[in-house]
Amino acid sequence: MNSIPLSELIINADGSVFHLHIRPEELAEKIVLCGDPERVTMIGEYLSDKECDVSSREFHTITGYYKGKRLSVVSHGIGGDNIDIVVNELNALANIDFDTRTLKDDFKQLTMVRIGTSGGLQEFTPVGSYVASGKSIGFDGVLYFYKDSESVRELQLETELMRQLDWKIYGLRPYVVSADASLLEQIAKDDIIRGMTIAANGFYGPQGRKVFLELADAELNTKIEAFNYGGQRITNYEMESSALAGLAALMGHRAMTVCCIIAGRVDNKMNTDYKDSLPRLIEIVLDRI
């Protein structure tokens, strides 16, 4: 088996992976992901017997135990580009021998649950509710850079999106991926809304916010809110769920996103004190992962 070149997988002098700066033995198989490095600190307060607490750029990792379960909590920063870094490096930590730079014989499947914040697009996703992304609509394009992406995409739903949204954004085609079905059941159970989430490649224009610049399609959010696919509605906006679900599916890992709704895009409400809404969601994920 050929070894992976030095330039393709960068390993630091201390044996840690390039961006995350953690070593293979410091990663648990159950991983809670979040955008904000400070949120890792917050979730880390729930853990005991901490094995590592490492910060590098926007990436912060704590590994420890919660009620006997070994967990890693990892921040990924903002956007699908950062998810590309994090998922690839987590997979490398789990499944590449850093000494020989070759794939290990036995595949280790990771379970990744992202706890995020989001803007609600329907009356049934009000500020303060929790939405699990059963399906994610990628406006980011990350998955198209990987071979066989169509094997994990929902092509019929993609076609219907283009039709119903009368798609006008030049050079970009949305893709759709589903969360791992068994993990969705495990985390959402019967008390978390199961939704269809748009993962945008920006916060302002790509999510229909007009502040300074005119939008290429000023009616896109109205069409998104009206979209209906066999009774399924688009529930919320965030920025990472599609890249996470898609890359994990291609690699053979289990992954999903669950968000606390902090903005009502329909009624223009915003909860800037959203951190008060997160502890219960964090506890749910920690108990169920």
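Residues numbered from 1 in each chain as written. Predicted model: local features only at pLDDT ≥ 70, side-chain atom pairs only at ≥ 80, totals over all residues. Heavy atoms only, no water.

Participant: Describe the overall build of the protein, with residues and values.
Facilitator: Looking only at helices and strands, the protein has seven helices and 14 strands in total. The C-alpha radius of gyration computed for the protein amounts to 19 Å, which stays within 12% of the reference 19 Å derived for 289 residues, consistent with globular compactness. Along the first, second and third principal axes, the C-alpha atoms of the protein reach 55 × 40 × 40 Å. Burial status across the protein gives 53% buried among its 289 residues. Long-range pairs, those at least 24 residues apart, make up 75% of the contacts in the protein with a sequence separation of at least 6. On the protein, roughly 13,300 Å² of surface is accessible, and the fraction owed to carbon and sulfur atoms is 50%. A distance of 4 Å separates the average location of the 30 positive side-chain charges in the protein from that of its 42 negative side-chain charges. (Helix = DSSP H or I, 4+ residues; strand = E, 2+ residues; numbered from the N terminus. Rg over C-alpha atoms; globule rule 2.2 N^0.38 Å. Buried < 20%, exposed > 50% of the residue type's maximum accessible area, 1.4 Å probe, protein only. Contact = heavy atoms within 4.5 Å. Areas by Shrake-Rupley, 256 points an atom, 1.4 Å probe, with all protein chains shown as cover. Lys, Arg positive; Asp, Glu negative; His and termini not counted. Charge placed at Lys NZ, Arg CZ, Asp CG, Glu CD.)

Participant: Tell me what's going on with the pairing of strand β7 (residues 111-120), and back it up with residues and numbers.
Facilitator: Of all ten residues in β7, nine are buried; the element is thus mostly enclosed. Two elements, strand β1 (residues 30-34) and β7, share four bridges in a ladder whose sense is parallel. Within β7, the residue paired with leucine 33 across the bridge is arginine 114. Here β7 runs beside strand β12 (residues 232-238); their pairing, made up of two bridges, is antiparallel. Across the sheet, the residue bridging to glycine 120 is asparagine 236, located in β12. (Pairing = 2+ DSSP bridges.)

Participant: Describe helix α6 (residues 241-251), listing the residues and the values that go with them.
Facilitator: Within α6, eight of the eleven residues are buried, which leaves it mostly tucked inside the rest of the structure. Just downstream of α6 lies glycine 252, where phi reads positive at about 95 degrees.

By themselves these figures say nothing about function.
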